Amino acid sequence: MLGLVLPVYLDVTIDLLTAFILLLSFVMLSSKWISFYIHAYGIQSFLIFILTLILGIETHSVDLYLVALLTLIVRCLIVPYMLLNMMKKFNIKEEINLSIKIPASIITGLVLTVFGYFLIFKLIHNFVPDIIINSAAIALSLVFIGFFMIISRYTTITQILGLLVIENGIFLFSVILTPTLPLIVELVVLFDILVTVTAMLILSMVMKIKTGSFSTSMLNRLVG
Amino acid sequence: MKIIVLIFLLLPLISGIAALIFRNKRFAEYITFISSAGTLVISIYYLLFLLHFHSITLLNNAIIIDKFSAYIILLVAIVYFLSSMYSISYMRFAIKNEGLTDNEFFRYYLLINLFALTMLVAPILNNLALYLIDIELTTVTSSFLVITEITEKSIEAAWKYIVIVSSGISIAILGTVLFYLAGNIHGIHHGIYGIISSLDWTVLSAHAVYLNKDLVKIAFILIVIGLGTKVGLAPMHTWLPDAHSEAPAPISTMLSASLLNTAMYGIMRYFNIAGKNLGFNYPQEIMIIIGLFTIFIGVMGIINQKTTKRLFAYSSIEHMGIISLGFGLGGVFGTFGALFQMLAHSLSKPIMFYGSGNLLHKYKTKDIKAIKGVIYTMPKTAFLYVAGALTLVGAPPSAVFIGEFLILLESFKKGDYFISVILIILLISAFIAILAKINSMIFGVSNDESIYDINNLKITKGDFGLASLMPMAIPLILTIFLGLYIPSPLKLFLNGIVRIIIK
């Protein structure tokens, strides 16, 4: 997308899409129920799919079509399906233990977003148009918000989702800033997401069977 | 050459799957042992081949084995070989003492081979992003090895491991994307777009000067944080003592002695690119600062530890700090010393972890205070354990001593006396702390009548079989030999790697 002049309506569309993507990560931050998280993640992935598709059409890049399709399949369908399936199987209705309460979480999310914007602005404002700075800033703030989700929520599933949000952020970042990234890289990143999420789900199932809960707040035996 | 590389990669894969399919315990043990021996032979063959050639390239540059890769492969293969030998002894005791089920046993043998495979693949990949994904796969396979015996503690360790390291790898991927971006935007002002559209380190390293400097600065820091999580550099080391202490002893060894080196290899590839782009001062300063902090955290951990395996896990952290300090000081001595320290680390860590495994099965505990009088109960293990501890803390003659001495020499040569003084103080503290703890475990009691295990049962005397002693004896002999004399082919080889890194 660098060095590419886009028509105005596309600028607006991309701005809107990325804004919604950011909004959905705030939906995750402001929720206490795990199923909200999973649905928000699924919708976020769907928006990223649409964004990738638009960029693919605009740059006539077959690679981006393929990446978009795989994003739809892996991030938008398989991963949320796996997570929801797991919730159904163990009949989870438990609320999430928060170490930082919801209002404080949202404020932290805002601060992280602003921080991401300044970081990106300082890094790349010399050589890219404004529209890309906006989208890249949102991508980077997704990374930060993902990390914040990992450290502030004490449930295995939200920690998995935190990692997935980080991956979404990195994917958005790479699609917007470096659409020429070799296809093989995107493919193996998707494969990696599948493997990691499966492994983490199995681990959390083992944990549920052994300790009776998905909560990570009791994981405090190993210290020092 | 193609066929040899193929065999090299297929050996662990086939033996792992065969171990799972045939479900015969002896067969699983021996096929893993044979495959690891085959891997070791092939890795030595690479070494001999690369003495005379620059590199092995295959599949349109997708696979490149140069001297540095071959060296890391050798380190991984050595530890894989030792661990597969030690597993024969360790897993039989795990079945007897800890009630390991058949399913867990065969899963262990599948995963140990896959873990070795993922580590052997990592150094030969040319594409940096693929390398990172492969490192992520090592995390997945080894986190399941950590829960070989499913207990609440091991689940906790595995969970911390996979969450912390996966997020670390995400940061490293972000850094890699920035490296790619740095190659793609430079040309805009000059009217050339997409000068370096590649993530191959060969390409990036050859065209490093064309990368955007600001982006490379940030990207290198992200890489050090991200891959540093896997290496165990402080303050990203928190998963390491947990995973190392809860995994079975052969796996702790593979985690410590080969996985950390494999991740360090990645940092050094980026180090080379960043150094060529920014001048070597910038990445070197980062490595020095993080290295010193890591040594400090490692030594503080060593002083505070109450269990055997956590002690050596913190010692791994300390060694990784020394290695990154060595690379950070740079120069011929520093880099050579750091590379030699990698080998030394891979040789002396197995002795200690396998020894701790033997003690665990004798005394049924990892608590240092509860283990007394090993010299009476297991004299051979005790001898190897003490000798191993001496080589580990860097008493001459040992490979660790040579590595640490060279790094110290470089700091003197550069006139960074501040670093030398801190390093000497920390090394001496580690020396005293480790030897005091080992001393209390090995000797500890005045006579051999009053030695009980954690369940207050009288301990039967005698060592375990050959399979538990040989994996300790082989690296001990090697590390003492290397402390006395470095063969000239090895020296030539390491000098070649030094040229690759700081050229």
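Residues numbered from 1 in each chain as written. Chains lettered and ligands numbered in written order. Predicted model: local features only at pLDDT ≥ 70, side-chain atom pairs only at ≥ 80, totals over all residues.

For chain A, an unreviewed UniProt entry supplies the name Hydrogenase and the organism Candidatus Acididesulfobacter diazotrophicus.

Caption draft 1: Inspection of the overall build of chain A at higher detail. Across its full length, chain A holds 7 helices and 0 strands. Along chain A, from the amino end to the carboxyl end, the secondary structure elements read α-α-α-α-α-α-α. Taking 224 residues into account, the globule formula puts the C-alpha radius of gyration at 17 Å, and chain A, at 18 Å, falls close to it. Along the first, second and third principal axes, the C-alpha atoms of chain A reach 55 × 35 × 35 Å. Expressed as a percentage of the 224 residues in chain A, the buried residues total 45%. (Helix = DSSP H or I, 4+ residues; strand = E, 2+ residues; numbered from the N terminus. Rg over C-alpha atoms; globule rule 2.2 N^0.38 Å. Buried ≥ 20, exposed ≤ 12 C-beta atoms within 10 Å, placed from the backbone.)

Caption draft 2: View of the pairing of strand β2 (residues 63-66) of chain B. Residues and elements named next belong to chain B. When strand β1 (residues 55-58) meets β2, the two strands line up antiparallel, connected through 4 bridges. Looking at the pairing, T57 lines up with I64 of β2. With antiparallel pairing between neighbouring strands as the criterion, β1 and β2 make up a hairpin whose turn holds 4 residues, including L59 at a positive phi of roughly 50 degrees. (Pairing = 2+ DSSP bridges.)

Caption draft 3: Quick peek at the interface of chain A and chain B. The interface of chain A with chain B comprises 37 residues on the first partner and 38 residues on the second. With 13 residues, the top contributor of residues to the side of chain A that touches chain B is helix α7 (residues 183-211) of chain A. (Contact = placed C-beta atoms within 7 Å.)

Caption draft 4: Representation of unusual backbone geometry. Residue and element names in this part refer to chain B. The omega angle of the peptide bond from A234 to P235 is 0 degrees, so this bond is cis rather than trans. When you line up the elements, P235 lands in the loop between α8 (213-231) and α9 (239-246). The omega torsion across P396 and P397 is -5 degrees, close enough to zero to call that bond cis. With respect to the helices and strands, P397 occurs in the loop between α15 (379-393) and α16 (399-414). One non-glycine residue, L59, lies in positive phi territory at about 50 degrees. A residue is classified by how many C-beta atoms lie within 10 Å of it, and L59, with 10 of them, is exposed. The phi angle at K364 is positive, at roughly 60 degrees, despite the residue not being glycine. Structurally, K364 is set in the loop between α13 (331-363) and α14 (374-377). Take K364: there are 16 C-beta atoms within 10 Å of it, and that puts it in the partly exposed class.

Caption draft 5: Here's a closer look at the packing of helix α6 (residues 152-185) of chain B against α8 of chain B. Residue and element names in this part refer to chain B. α8 packs onto α6 with a crossing angle of 155 degrees between their chain directions and a minimal axis gap of 7 Å. The pairing of α6 with α8 is recorded here as roughly antiparallel in orientation. Of the two possible hands of crossing, α6 and α8 adopt the one that is left-handed. When α6 is examined against α8, the residues I164, V165, G168, I169, I171, A172, L174, G175, L178, F179, L181 and A182 are found in contact with a partner set consisting of L215, V216, I218, A219, L222, I223, I225, G226, L227, T229 and K230. Among the residues forming the contact of α6 with α8, the class breakdown is 18 nonpolar, 4 polar and 1 charged. (Axes fitted to C-alpha atoms, helices over the stretch in contact; angles between N-to-C directions. Parallel < 35°, antiparallel > 145°, perpendicular 65-115°, else oblique. Left-handed = near helix turned anticlockwise from the far one by under 90°. Nonpolar A, V, L, I, M, F, W, Y, C, P; charged D, E, K, R; others polar.)

Caption draft 6: Fine view of the UniProt feature "transmembrane region" (unreviewed entry) in chain A. Residues and elements named next belong to chain A. Mapped onto the present numbering, the UniProt feature "transmembrane region" (unreviewed entry) falls at residues 6-29, 36-58, 64-84, 104-125, 131-151, 160-177 and 183-203. Along residues 36-58, the helical share is 100% and the strand share 0%, with 33 Å between the first and last C-alpha atoms. Spanning residues 183-203, this segment combines 100% helix with 0% strand, and its end C-alpha atoms are found 30 Å apart. (UniProt positions renumbered as here; feature names shortened; annotations may be inferred.)

Caption draft 7: Spatial organisation of the confidence of the model for chain B. On average, residues of chain B carry a pLDDT of 89, and 97% of them reach 70 or more. Predicted complex, confidence summary: ipTM 0.93, pTM 0.93. (pLDDT = per-residue confidence, 0-100.)

Caption draft 8: Structural context of the nonpolar core. Counting 250 residues, the largest nonpolar core has A136, L161 and F173 of chain A together with V76 and I267 of chain B as the members making the most contacts within it. Per element, the largest residue contribution to this core is 21 residues, and it comes from α6 of chain B. If we ignore the near neighbours within four places in the chain, the residues touching I267 of chain B are I223, V224, L227, G228 and V231 of chain B. (Core = buried A, V, L, I, M, F, W, Y, C linked by C-beta atoms within 7 Å.)

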